[in-house]
Amino acid sequence: MKVLVIGNGGREHAIAWKLSLSPKLTRLYVAPGNGGTASIAVNVDIPAKDIEGLLKFCKKEGIDLVVVGPEAPLTEGIVDRFRAEGLRIFGPDRYGAQLEGSKAFSKDLMRKLGIPTADFEVFDSPEKAMDDVARKGVPIVVKVDGLAGGKGVTVATSMPKAMEAIHLAMVKKVFGKAGERVVIEECLEGDEASVIAVTDGKTVRLLASSQDHKRAHDGDQGPNTGGMGSYSPAPIVSAELEKELLDKVFYPIVRDFAASGRPYTGFIFAGLMLTPKGYRVLEFNARLGDPETQVILPRLRTDLLEVLDAAASGRLADVELGWSDEDCVCVVMVAGGYPGDYETGKRISGLSEAERVPGLQVFHAGTRLDGTTLVTAGGRVLNIVGRGRGILEALSATYAAVDKVFFEGMYYRKDIAHRATRAKAAR
Ligand code: AMP
Ligand code: GLY
């Protein structure tokens, strides 16, 4: 099969790497890809948002299956467009992608299906939103309805902060249309974890659980980022919880979409908080997580192309997913200054030494080849992924490899998986 992966991050490198191991693969393309995907696939210089350009390429090359990494093309309707032209593409259509693209849509769906989630109300007037916050008090959570690149959620611990979040979104419109509506939500406390499912519209299969680290600095301090690290499995996600999520979250959603005549095909990512009162779904994404994918796929024993091909054809019931019982850890190495301003074009060294650590995987994010030299090209630069028997062995492999890598100004967290190691110490 000829396959095209759309995207250019660590997630897409991990997807491409796993697909490259499939005996069913004949040719692999990544658009636009990065310095890492260039070594396992053909990078195609078309941006993920250029739907017409991608369509033209797929027709010309006779691509058998398209796999979409990021959310933006999904919410813009890439799947509808490709299907209308008779191309096979894996992911939800524009309607289904609202699960991620509109918080109001996903919260209303959760309420309708009785899925546990934080109490909420949706507002399209700033005055009413502010009245609601004034009535309820802090802490409170303000979320813009649409896609905001991970910056649309404010957990406000003071009244001015909550009011400012509403003002910025709805009056100043700093998120454009995405902020015209806001969701005001009860503030929850607990540990977070991610559980991702794959579905063909009828059958649901769960991927291994994981947890990411969103804050820039050790001890979960500092600004939010696209993700500084991750690990899988997440020990706080028990087999009982997985069963509950399958029965009470994922199947009800998939059946509801099917009953409405718009079956959902693709990944469903549930961001969870485990509160003292039980789990709550914080959000859904309509795609794989980044950097969760980087620790999930190395643990998958099943052929990913077989899984996606089956899911895209309504045959997922025929496929069972097998998982390695090793733990996997990802440390994201970023450019100094990220998530604020940072420099690019820094030469990267030590990757071949890092890759000599047994079982180690390096997934590139912001890298590119400058001639034959690998240089930095983004904020999140590299994902160093190690594995081992148990979290401690996985951590020591990962950080041993991190130690070999160098680029000017590099920064990374030194406490990835601290919650899992604490859980282990407590046992
Ligand atoms: P989301 O994009 O909805 O996952 O939100 C991003 C982050 O904001 C989550 O990972 C949580 O850390 C935090 N968050 C979201 N909703 C809530 C909530 N209701 N209570 C407390 N924290 C939240
Ligand atoms: N790591 C969270 C996300 O991909 O949205």
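Structure: above.
Remember, it's a predicted structure, so these values are computed and weren't measured experimentally.

Q: An account of the overall build of the protein is needed here, citing residue identities and associated values.
A: Tallying secondary structure elements over the protein gives 14 helices and 21 strands in all. The principal-axis extents of the C-alpha atoms in the protein amount to approximately 60 × 45 × 45 Å. For the protein, with 427 residues in total, the buried portion stands at 57%. For the protein, the share of sequence-separated contacts (at least 6 apart) that also reach a separation of at least 24 residues comes to 69%. Counting every atom, the protein has about 17,700 Å² of accessible surface; 50% of that belongs to carbon and sulfur.

Q: Provide a residue-level description of the nonpolar core, including the pertinent values.
A: Core analysis: the biggest nonpolar cluster contains 51 residues, and Leu4, Ile78, Phe82, Leu99, Phe250, Ile253 and Phe284 have the highest contact counts within it. With eight residues, the single largest contributor to this core is helix α9 (residues 239-259). Beyond its immediate chain neighbours, meaning those up to four positions away, Phe250 contacts Val195, Ala197, Val204, Leu206, Leu245, Ile268 and Ala270. With 42 residues, the next largest nonpolar core counts Ile15, Phe267, Leu316 and Val385 among its residues.

Q: I'd love a proper account of the site of ligand 1, names of residues and values included.
A: Taken together, 15 residues surround ligand 1, and among them Glu185, Glu186, Leu188, Glu192 and Glu283 come closest. In the model, an oxygen atom of ligand 1 is placed 3.3 Å from a nitrogen or oxygen of the Lys103 side chain. A total of 470 Å² of accessible area belongs to ligand 1 in isolation, and the protein chains cover 85% of it. Residue assignment for the shell around ligand 1 shows that the elements contributing at least two residues are β7 (140-144), β8 (153-156), β9 (182-186) and β15 (278-285). A breakdown of the residues in the shell around ligand 1 according to their chemical character gives eight nonpolar, no polar and seven charged.

Q: I'd like a description of the sheet that holds strand β2 (residues 27-32), backed by residues and values.
A: Spatially, the five strands line up as an open sheet ordered β3-β2-β1-β4-β5, and their pairing is parallel. Strand pairing shows two members of the sheet lacking a second neighbour, β3 (42-43) and β5 (89-90), which therefore form its edges. Here strand β1 (residues 2-7) runs beside strand β4 (residues 65-68); their pairing, made up of four bridges, is parallel. If you follow Val5 over to β4, its bridge partner there is Val67. Here helix α1 (residues 10-20) sits on the sheet and contacts β1, β2 and β4; the angle it forms with β1, its principal contact strand, is near 165°.

Q: Tell me about the site of ligand 2, and please be specific about residues and values.
A: The immediate surroundings of ligand 2 are formed by Asp212, Asn285, Arg287, Gly289, Asp290 and Glu292. Between ligand 2 and Asp212, the relevant distance is 2.8 Å, taken from a nitrogen atom to a side-chain nitrogen or oxygen of the residue. Between ligand 2 and Arg287 there is a distance of 2.8 Å, counted from an oxygen atom to a side-chain nitrogen or oxygen. Protein burial of ligand 2: of its 200 Å² of free accessible surface, 87% is covered by the chains. Classifying every residue of the shell around ligand 2 by side-chain character gives no nonpolar, two polar and four charged.

Q: Just give me the short version of the packing of helix α7 (residues 126-136) against helix α8 (residues 159-171), but keep the residues and values in it.
A: Contact geometry for α7 and α8: axes closest at 10 Å, N-to-C directions at 165°. The pairing of α7 with α8 is recorded here as roughly antiparallel in orientation. In this structure, α7 crosses over α8, and the sense of that crossing is right-handed. Mapping the contact onto sequence places Pro126, Ala129, Met130, Val133 and Ala134 in α7 and Met159, Ala162, Met163, Ile166, His167, Met170 and Val171 in α8.

Q: Tell me about the packing of aromatic side chains, residues and numbers included.
A: Scanning all chains against the criterion turns up nine aromatic pairs. Taking 5.3 Å as the distance between ring centres and 85° as the angle between the ring planes, the aromatic pair formed by Phe90 and Phe267 counts as edge-to-face. With Phe90 in strand β5 and Phe267 in strand β14 (residues 266-275), this residue pair connects regions lying 177 residues apart in the sequence. Judged by relative accessible area, which is 7%, Phe267 ranks as buried. Arranged with centres 5.6 Å apart and planes meeting at 85°, the rings of Tyr95 and Phe105 form a pair that is edge-to-face. Taken together, the positions of Tyr95 in the loop between β5 and α5 (98-101) and Phe105 in helix α6 (residues 103-113) put the pair ten residues apart, joining distant regions of the chain.

Calculation rules
- Numbering of residues starts from 1 in every chain and runs along the sequence as written.
- To label them, take the chains in the order written and letter them from A, then take the ligands in the order written and number them from 1.
- Note on the predicted model: pLDDT of at least 70 is required for a residue's local features to be given, and 80 or more for side-chain atom pairs to be given and counted; whole-chain, interface and lining totals, by contrast, use all residues.
- In computing side-chain values, all of the structure's heavy atoms are included and hydrogens and water are not.
- Helix numbering and strand numbering both begin at the N terminus, where a helix is a DSSP run of H or I of at least 4 residues and a strand a DSSP run of E of at least 2.
- Each residue is placed in one exposure class: buried if its accessible area under a 1.4 Å probe, protein chains only, is under 20% of its type's maximum, exposed if it is over 50%, and partly exposed if it falls in between.
- Contacts are assigned to residue pairs that have any heavy atoms within 4.5 Å of one another.
- Only the protein chains shown count as cover for residues, and all accessible areas are computed by the Shrake-Rupley method using a 1.4 Å probe.
- Only buried Ala, Val, Leu, Ile, Met, Phe, Trp, Tyr and Cys residues count toward a nonpolar core, and they belong to the same one when joined by side-chain atoms within 4.5 Å.
- When at least one non-hydrogen atom of a residue lies within 4 Å of a molecule or strand, that residue is treated as near it.
- N or O atoms within 3.5 Å of each other form a polar contact, as long as, within protein, one can give a hydrogen and the other can take it, and as long as residues adjacent in sequence are counted only when both atoms are side-chain atoms.
- Amino acids outside the nonpolar list (Ala, Val, Leu, Ile, Met, Phe, Trp, Tyr, Cys, Pro) and the charged list (Asp, Glu, Lys, Arg) are all regarded as polar, and Gly is one of them.
- Here, a strand pair is defined by DSSP locating no fewer than two bridges between the strands.
- Lines fitted to C-alpha atoms define the axes here, with helix axes fitted over just the stretch in contact, and angles between the N-to-C directions of these axes take values from 0 to 180 degrees.
- Angle categories: roughly parallel below 35 degrees, roughly antiparallel above 145, roughly perpendicular from 65 to 115, and oblique for all the rest.
- Left-handed is the label given to a crossing in which the near helix is rotated counterclockwise from the far helix by less than a right angle, and right-handed is the label when the rotation is clockwise.
- Only Phe, Tyr and Trp rings are paired, with Trp represented by its six-membered ring, and only when their centres lie within 6.5 Å; those with planes under 30 degrees apart are stacked, over 60 edge-to-face, the remainder tilted.

Spatial relationships are all this shows, so hold off on functional conclusions.
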